[in-house]
Protein chains: 2
Amino acid sequence: MPELVNRAFRLAARPEGVPSSEHWALTTEPVPEPGEGQVCVRVLYISLDPAMRGWIADRESYVAPVQIDEVMRAIAVGEVVSSRVEGFEPGDHVSGLLGVQEYVSVDGRALTKLEGDRSQLPLRLGALGMPGMTAYFGLLDIGRPEPGQTVVVSGAAGGVGHLVGQIARIKGARSVGIAGGQEKCRYLTEDLGFDAAIDYKSENVGASLREHCPDGIDVYFDNVGGETLDAALARLARHARVVICGAISQYNNPDDIAGPKNYLALLVRHATMTGFVVTDYVSRWPEGAREMAGWLQSGELKTHEHVVKGLEGFPEALLMLFTGENSGKLVLQVAG
Amino acid sequence: MPELVNRAFRLAARPEGVPSSEHWALTTEPVPEPGEGQVCVRVLYISLDPAMRGWIADRESYVAPVQIDEVMRAIAVGEVVSSRVEGFEPGDHVSGLLGVQEYVSVDGRALTKLEGDRSQLPLRLGALGMPGMTAYFGLLDIGRPEPGQTVVVSGAAGGVGHLVGQIARIKGARSVGIAGGQEKCRYLTEDLGFDAAIDYKSENVGASLREHCPDGIDVYFDNVGGETLDAALARLARHARVVICGAISQYNNPDDIAGPKNYLALLVRHATMTGFVVTDYVSRWPEGAREMAGWLQSGELKTHEHVVKGLEGFPEALLMLFTGENSGKLVLQVAG
């Protein structure tokens, strides 16, 4: 194997608020040969997810925080360059926690081999990957919408949100999305078939929820927290299910989280609020991926990857998640 | 029937914060003869409950608010004075929403006839009444503690809380109570058999929860809200269940509820927070009351009514719920 050079983004400092370029170091080093049991992978596409903000905070969470000087954690897809594991051949496509970098040698047991052609790889980070499984199991297993019920999702144009509303519709529920900006709202209703969309930047969310959810909200799938969560709680139907999937409005202010003032609506409405972490469902991913793939093939489910090109664009691309600039699943294309 | 005179507490003004004597009017009027289908009842014991604060707030809740000039709503037990309903005879004991007053003529269908002797009546407002059923179904149906798990209850010396901790213990769980003052804490551990008690007035609740719940909290039964709820959320075990039964720390400040800043612990801990209203379980009350009565008889469950005498003491007695002066179930004895 010729000597390969890896460029990697490492955590240089922990951000207090929004992470910016000063919190990252772009380092260059030779790619180590894969050891016994390892596979060397060239990274092609990296998934940029709101959860990344949590991974760089120095606090206990469902996974250990990324350490200073460590390569930034990321889910990615790539192709095998060389392998010391039976079953992985150069040219194979794989996914795993490959990190924000160009090459990595990892334990073969941490990789999933992917079938299908190269053009399908971004989907493996979206509708058929973690965001897709988050939407699928979070909505169907925790939210449990029934036909005719009303599902509201925040961050509706994002990587998870745009799938949640469509799955709700496929299952016979009404879907209402909350997103930022008229273009995103148009995209939700006209391109994706949401029943209604609320532009939180120009509308009063509470008033619009009253208008679009006359019988209340049966399932609220929350990606943003803050005032949006409070507005939804105020509009819950009896026995509503609130799925807490994320809180992107709060991630950059971890020491002063705004708790939901309207949480007593849970009592008044006999409702439930549940935290959802997709890793609880790993054993059921094949089931979810199979159903999602079927809907994609039939055209019932549409997906959209927002692709930013070039590893060096990582710090800026990550910010798009917090400013709401991306529409659909945000992916960083490193090569390929 | 000789002309009877009724004294009643009516809502005179809606309190902004803590309700005080100026918000009540003590009125006197003749007791109307019962109409067709009605029963005239002499009120003996009135249940004073935190939920009363919600009933006098001018906001939507699980029941309509008490109107100005209306007799204050209250669950009570009494004896039949005269009846125009078959099956109710003078001297029978009954329970129902009789109001904060001495006599009332009500529709017979709104009354429950009680067996047992007069000395058992306060129990019908406590362990065998709404607080008992709240503790029983809230803990066992929503909290679902398993043997060996840790149950934490706030407002632990109150009408519901002192039962929750004991039911947890009977079911094989560890029970930790949070209450105000050393005497209450002594009562919980020494008299009622709680495994530990935390005095929120003199201890750091978060530090004490760490000490007494080394493996985290599996079930948190919340009666108080505010900082106590946040401290408990910070200490949840994986897959914990949080039962929101009340929020007495917040009831007198309804326009500025402190939302739980630590609600994202639900996500990190894969946990659920559910609002509990006992009226959802009306059809299963006989089952709950039967089991509670058995535990009372066997001595496994101890209960304690804090009885205040005299109708005119209502405004002041109600305040005890908010200052935490009562220990056990607070009952106003009107007669008998």
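Predicted model, so just to flag it, every value in this text is computed and none were measured.

Scoring rules and cut-offs
Per chain, the residues get numbers from 1 upward, laid out in the order the sequence is written. Naming scheme: in the order in which they are written, chains are lettered from A and ligands are numbered from 1. For this predicted model, a pLDDT threshold of at least 70 governs which residues receive local features, and a threshold of 80 or more governs which side-chain atom pairs are given and counted, while totals over whole chains, interfaces and linings are taken from all residues. By convention in this description, side-chain values take in all heavy atoms of the structure and omit both hydrogens and water. The classification of residues rests on relative accessible area computed with a 1.4 Å probe and restricted to protein chains. Under 20% of the type maximum is buried, over 50% is exposed, and intermediate values are partly exposed. Per the convention used, a helix needs a DSSP run of H or I reaching at least four residues, while a strand needs a run of E reaching at least two, with both numbered from the N terminus. Residues are treated as being in contact if the distance between any of their heavy atoms lies within 4.5 Å. Superposition of the copies was done by least squares, using only C-alpha atoms of residues whose pLDDT is at least 70 in both. Paired strands, as defined in this entry, are two strands with at least two bridges between them according to DSSP. Here the term right-handed applies to a crossover when the path leading from its first strand over the helix to its second strand runs clockwise, the strands being oriented away from the viewer. Side-chain atoms alone can form a polar contact between residues adjacent in sequence; in general such a contact is a pair of N or O atoms within 3.5 Å, and within protein one must be able to donate a hydrogen while the other accepts it. By buried area we mean how much accessible surface two parts lose on assembly, using a 1.4 Å probe and totalling the loss over both. Within this document, salt bridges are pairs made up of a side-chain nitrogen of Lys or Arg and a carboxyl oxygen of Asp or Glu, the two lying within 4 Å of each other. Stacked, edge-to-face and tilted labels apply to pairs of Phe, Tyr and Trp rings (six-membered ring for Trp) whose centres lie within 6.5 Å, assigned for plane angles under 30 degrees, over 60, and everything in between, in that order. The convention is simple: Lys and Arg are positive, Asp and Glu are negative, and His and the chain ends are not counted. We call a set of buried Ala, Val, Leu, Ile, Met, Phe, Trp, Tyr and Cys residues a nonpolar core when their side-chain atoms join them within 4.5 Å.

Draft legend 1. Quick look at helix α7 (residues 226-233) of chain A. Extensive coverage of α7 of chain A is indicated by the burial of 7 of its 8 residues. The elements touched by buried residues of α7 of chain A are β8 (150-154), β9 (174-179), α6 (205-212), β11 (217-222), β12 (236-244) and α8 (265-268) of chain A.

Draft legend 2. Geometry of the relation of the copies chain B and chain A. Least-squares fitting of chain B to chain A yields an RMSD of 0.0 Å, with the transformation described by 0.0 Å of translation along the axis and a rotation of 180 degrees. The superposition of one copy onto the other is thereby described by a two-fold rotation axis. Ranked by how close their C-alpha atoms come to the rotation axis, the residues of chain B are headed by G259 of chain B, at 2.1 Å. Same-surface contact between copies: 100% of interface residues of chain B are shared with the interface of chain A.

Draft legend 3. Structural detail: the pairing of strand β15 (residues 329-333) of chain A. All names here are of chain A. Within β15, 5 of the 5 residues are buried, leaving the element largely enclosed by the surrounding structure. Burial along β15 is two-sided: K329, V331 and Q333 and L330 and L332, pointing in opposite directions, are all buried. The sheet contact formed by strand β3 (residues 38-47) and β15 spans 3 bridges and is antiparallel. Within the sheet, the bridge partner assigned to I46 lies in β15 and is L332. Bridging between strand β14 (residues 305-309) and β15 involves 5 bridges; their strand directions are parallel. For V308, the partnering residue across the bridge sits in β15 and is L332. Each parallel crossover has a hand, and for β14 linked through helix α10 (residues 314-323) to β15 it is right-handed.

Draft legend 4. Region of the structure containing the environment of R73 of chain B. All names here are of chain B. Within the element layout of this structure, R73 appears in the loop between α1 (51-55) and β4 (76-83). Linking R73 and N204, residues 131 residues apart in sequence, is a C-alpha distance of 37 Å. At 2.9 Å, the side chain of R73 and the backbone oxygen of A64 are in polar contact.

Draft legend 5. Molecular detail of the interface of chain B and chain A. On the side of chain A, 35 residues touch chain B, which itself brings 35 residues to the contact. When the buried surface of chain B facing chain A is broken down by residue, K261, Y263 and L267 of chain B rank first, second and third, together holding 23% of it. Our count for the chain B to chain A interface comes out at 2 salt bridges. We note a salt bridge from R238 of chain A to D280 of chain B, for which the minimum N-O separation is 3.1 Å.

Draft legend 6. Here's a closer look at the packing of aromatic side chains. Residues and elements named next belong to chain B. Applying the stated criterion across every chain, the model contains 12 aromatic pairs over all chains. Between W24 and F314, the aromatic rings sit 5.0 Å apart at their centres with planes inclined by 70 degrees, giving edge-to-face as the arrangement. On the criterion of sequence distance, the pair formed by W24 in strand β2 (residues 24-30) and F314 in helix α10 (residues 314-323) is long-range, its members being 290 residues apart. Look at Y136 and W295: their rings are 6.0 Å apart centre to centre, the planes differ by 45 degrees, and that puts the pair in the tilted class.

Draft legend 7. Region of the structure containing the side chain of D199 of chain A. Residue and element names in this part refer to chain A. Structurally, the position occupied by D199 is in strand β10 (residues 196-199). Buried charge without a partner: D199 forms no salt bridge, and the closest opposite charge is K201, 6.6 Å away. A distance of 2.9 Å separates a polar side-chain atom of D199 from the backbone nitrogen of K201. Apart from the residues within four sequence positions on either side, D199 is in contact with A179, G180, G181, Q182 and C185.

Draft legend 8. Here's a closer look at the nonpolar core. Ranked by size, the top nonpolar core spans 129 residues in total, and within it I46, L209 and F314 of chain A together with I46, L209 and F314 of chain B carry the most contacts. When residues of this core are assigned to their parent elements, the largest contribution, 6 residues, is made by α10 of chain A. Excluding residues within four positions of it along the chain, F314 of chain B makes contact with F9, W24, L48, M52, M72, V100 and L332 of chain B. Judged by nonpolar contacts, the second largest core, of 38 residues, contains F137, V160, A173 and M292 of chain A.

Draft legend 9. Main features of the pattern of salt bridges. All chains considered together, the criterion is met by 30 salt bridges over all chains. Its salt-bridge partner being K171 of chain A, residue E291 of chain A comes within 3.8 Å of it at the nearest N-O pair. On the criterion of sequence distance, the pair formed by E291 of chain A in helix α9 (residues 285-298) and K171 of chain A in the loop between α4 (161-170) and β9 is long-range, its members being 120 residues apart. Taking the relative accessible area as the measure of exposure, E291 of chain A reaches 28% and is therefore partly exposed. Judged by relative accessible area, which is 32%, K171 of chain A ranks as partly exposed. Here R10 of chain B and E29 of chain B are joined by a salt bridge, their closest N and O atoms 2.9 Å apart. Here the residue R10 of chain B occupies a position in strand β1 (residues 5-11), and E29 of chain B occupies one in strand β2, the gap between them amounting to 19 residues. You can call E29 of chain B partly exposed: its relative accessible area is 22%. One salt-bridge network, held together by shared partners, links E183, R186, E190 and D191 of chain A.

Draft legend 10. A look at unusual backbone geometry. Residues and elements named next belong to chain B. The residue R144 is not glycine, and still its phi comes out positive at about 45 degrees. Mapped onto the secondary structure, R144 falls in the loop between α3 (130-143) and β8 (150-154). Classification of R144 as partly exposed rests on a relative accessible area of 45%. At H270, a position not held by glycine, the phi torsion is positive, near 55 degrees.

Draft legend 11. Representation of the environment of P30 of chain B. Residue and element names in this part refer to chain B. Among the structural elements, P30 can be located in strand β2. For P30, a relative accessible area of 48% translates into the label partly exposed. Measuring from C-alpha to C-alpha, the distance between P30 and Y103 comes to 9.4 Å, with 73 residues separating the pair along the chain. Sequence-distant contacts of P30, that is, excluding residues within four places in its chain, are made with E3, L4 and V5.

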